[in-house]
Amino acid sequence: MILRCDLGGQRYVFSDLKRLMAAASPRRSGDELAGLAAATDAERVAARIVLADLPLDTFLGEALVPYEDDEVTRLIVDGHDSEAFAAVSHLTVGGFRDWLLSHEADSDALSKLAPGLTPEMVAAVSKLMRNQDLISVARKCKVITAFRTTLGLPGRLGTRLQPNHPTDDLRGVAVSVLDGLLYGVGDAVIGINPATDNVPNAIALMEMLDGLRQQYDIPAQTCVLTHVTNAIEIMNRRAPVDLVFQSVAGSEAANRGFGVDLAVLTEAHEAALALKRGTVGQNVMYFETGQGAALSADAHHGVDQQTMETRAYAVARAYQPMIVNTVVGFIGPEYLYDGKQIIRAGLEDHFCGKLLGLPMGCDVCYTNHAEADQDDMDGLMTLLTTAGCTFLICVPGADDVMLNYQSLSFHDVLYLRSTLGVKAAPEFEAWLDRMGMVAPDGRIRELELKDPRISHMLAQASLVA
Amino acid sequence: MDDVARPTDPWSALRASTNARIGLGRSGDAMPLKAVLEFQAAHATARDAVHTPLDLDAVEAALQPLSTLRVKSSAPDRPTYLRRPDLGRRLGDEPGPDLDAADKGADVVFVVADGLSATAVQMHAAPLVHACVERLKGFKIAPVVLASQARVALGDDVGERVGATLVAVLIGERPGLSVAESLGVYLTYEPRRGRRDSERNCISNIHGKGGLSYALAADKLVWLIREATRLKLTGVKLKDDVDALAPAAGGALPET
């Protein structure tokens, strides 16, 4: 296969598919760190011109990460649905971009196509799409999942309430949960990152969250984001596990860096299904991903970080997850340098996840050594909500006091609901209404401190733990 | 006391249990301006901790009477440093003849590295070095090396050049909004290029906002130095014992 392009009087030659994909990627610091990025803007466009003419089925014949070496590649290749792929098998990558944007490619067509797509095809086409293309196609994808709430319905935006605490103080966590509930946040999951990752600590947090959920009869799922092997042990001990969490990446070696493989994920998935704790559905897994994860584990196989990220979605979709999110700005400026790169990556990840059939959400976030601030987050959350993002992560005041980074605030969700008209999951919305928290015009009330509803909740919070 | 019933903020009692930004109130749907400005001030402090250059003269003065040397990593400036962690891990081309001229065969060399918070280093590095040196009577200690645009692994290059048995890298940790001046220490036995993180021991969260005190951190580090010298190693095999010595504090993420 000859991969070359003459542009502006210069010939650009790409030695293989991996290099072509990396060169076609929008500029980002992680690919530059890995030595994979296009050397010039012109080379980047030349790579896109070559990629546009490449037949989409090229990716079925040529693995970027060798089949023999990598169980994620085997999962992708062995699980490919060629019947579903038939609808677009005749297209080039560029033709696929045009087809995705066509009116013919509606929600049903995209849902049927999803099992026929590989991560590499999806990553490739995303490199030919502008931000607005990523938004408009993702918005057409319909992915519905359910446990105690139903996520992904049209006109809805879910939220994860993330009540982290530097020492896992149970009362401190409970207080943050209540703060979020008062803003109507938490329908996707009430999920805490433990400061100390061990089994007894996770059980203490789980029991407290489950106690709160039952006390207020909240239709929501809880999760302690402990390692999947801990979750298996915790389920053996019969502690209340709703969703099983794990960070995953796009290669076997990178997953090994996380201490997991497909077998242990399968074991955890089956154990969680057996608990039958969901009321309106049985999607029991929660995965997090993020561009740069494979490179930081030195397990990227010379593949660009956006393609490696998309391969992580192949891992996720094997387990019919309730929710998946990219932690887009969390991994640091050596992978995504500034607000522009973070925003682009957030839209790519959401698009690629949705096209592969995942209930894709996002932790709209940044660290203090990145060139980004809350203005950039305002942009990304507005764009993602427009794109039909399944859920966003929120912490009190946008400041995660345990992980030391900035995400979205509960207030941000109120802004998105009123500005873009998106609602919480129907089961959760009905609960908010029962609790008297919804005003006649649909807004979340700002309750007076002396209001019995708020004073009752605060009193209960003091009793917990 | 007061006969007039005063409206109390029910959040104030709850704030004792968390430093999260709870109960902020609302301006319509948005955060009240006071909370917005407090957040911006904290973010500005954290960013300044990352971007303000380390005042090497001041650190040197605070380290007296200990002698010092200065080195730079291969990262020429902060933007490059942030994008290219690999360059921050290697000595630059012009580290000066100082390192090679330094006395060979020290037991310990302290490297004071700016890392991701020059503020942390400015505040805590010199007092911590003094506290350690006091506790290390009988050890041969090399001149303190001040390293700019440095990551933890730069200590491997420095330690190898100086020929020290152990390198202790004192480095500014990634700043958070609540603590922007947290110092970490990484100890490595027989430092040389290519050492893995699993071959180091780390003490993090040394700061004055509920973190480890200088005395506790120095006790912990000196214990590690003695054990590392005895066992001729650092890393995971030392890890389990040290955790019992002093409780780990919550706070900033370690910089690696």
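Whatever comes next refers back to the structure up there.
These numbers come from a predicted model, not from an experiment.

**Comments concerning helix α15 (residues 262-275) of chain A**
All names here are of chain A. Given a rise of 1.5 Å per residue, 14 residues ought to cover 20 Å, and the 20 Å separating the end C-alpha atoms of α15 matches this to within 8%. Buried within α15 are the following residues: L262, V264, L265, A268, H269 and A272. One side of α15 carries all its buried residues, which in axial view fall inside an arc of 160°. Of the residues in α15, the exposed ones pointing more than 90 degrees away from the buried face are A263, E270 and A274. Residues of α15 that are buried make contact with α5 (71-78), α13 (228-236), β8 (244-247), β9 (285-289) and α17 (305-317). One side-chain oxygen at the N-terminal end of α15 lies 3.2 Å from the backbone nitrogen of A263; it belongs to D261.

**Re the packing of aromatic side chains**
The description of two aromatic rings rests on the distance between their centres and on the angle between their planes. Residue and element names in this part refer to chain A. Within this structure, the stated rule accounts for seven aromatic pairs over all chains. Between the aromatic rings of F96 and W99, the centroid separation amounts to 6.2 Å while the plane-to-plane angle is 15°, which identifies the pairing as stacked. Of this pair, F96 and W99 both sit in helix α7 (residues 93-101), separated by three residues, roughly a single helical turn. Residue F96 shares its accessibility class with W99, and that shared class is buried. An angle of 45° between the planes, with centres 5.5 Å apart, marks the rings of F428 and W431 as tilted. With F428 and W431 both in helix α21 (residues 426-434) and three residues apart, the pair spans about one turn of that helix.

**A short note on the interface of chain B and chain A**
Contacts between the two partners involve 40 residues from chain B and, on the opposite side, 48 residues from chain A. On the chain B side of the interface with chain A, the three residues burying the most area are B:R26, B:D29 and B:R83, jointly 20% of the side's total. Here chain B is connected to chain A by three salt bridges. There are 15 residue pairs in polar contact (both at pLDDT 80 or more) connecting chain B and chain A. Elements with a minimum of two residues in the side of chain B that touches chain A: α1 (10-14), α2 (33-51), α4 (78-83) and α5 (85-88) of chain B. Examining the composition of the side of chain B that touches chain A, we find that six residues originate from one element, α2(B), more than from any other. Grouping the amino acids of the side of chain B that touches chain A by side-chain chemistry returns 20 nonpolar, 11 polar and nine charged.

About the thresholds
Residues numbered from 1 in each chain as written. Chains lettered and ligands numbered in written order. Predicted model: local features only at pLDDT ≥ 70, side-chain atom pairs only at ≥ 80, totals over all residues. Heavy atoms only, no water. Helix = DSSP H or I, 4+ residues; strand = E, 2+ residues; numbered from the N terminus. Expected span 1.5 Å × (residues − 1). Buried < 20%, exposed > 50% of the residue type's maximum accessible area, 1.4 Å probe, protein only. Arc of directions from axis to C-beta. Contact = heavy atoms within 4.5 Å. Polar contact = N/O pair within 3.5 Å; in protein donor to acceptor, adjacent residues only side chain to side chain. Phe/Tyr/Trp six-rings, centres within 6.5 Å; stacked < 30°, edge-to-face > 60°. Buried area = accessible area lost by both parts, 1.4 Å probe. Salt bridge = Lys/Arg side-chain N within 4 Å of Asp/Glu carboxyl O. Nonpolar A, V, L, I, M, F, W, Y, C, P; charged D, E, K, R; others polar.

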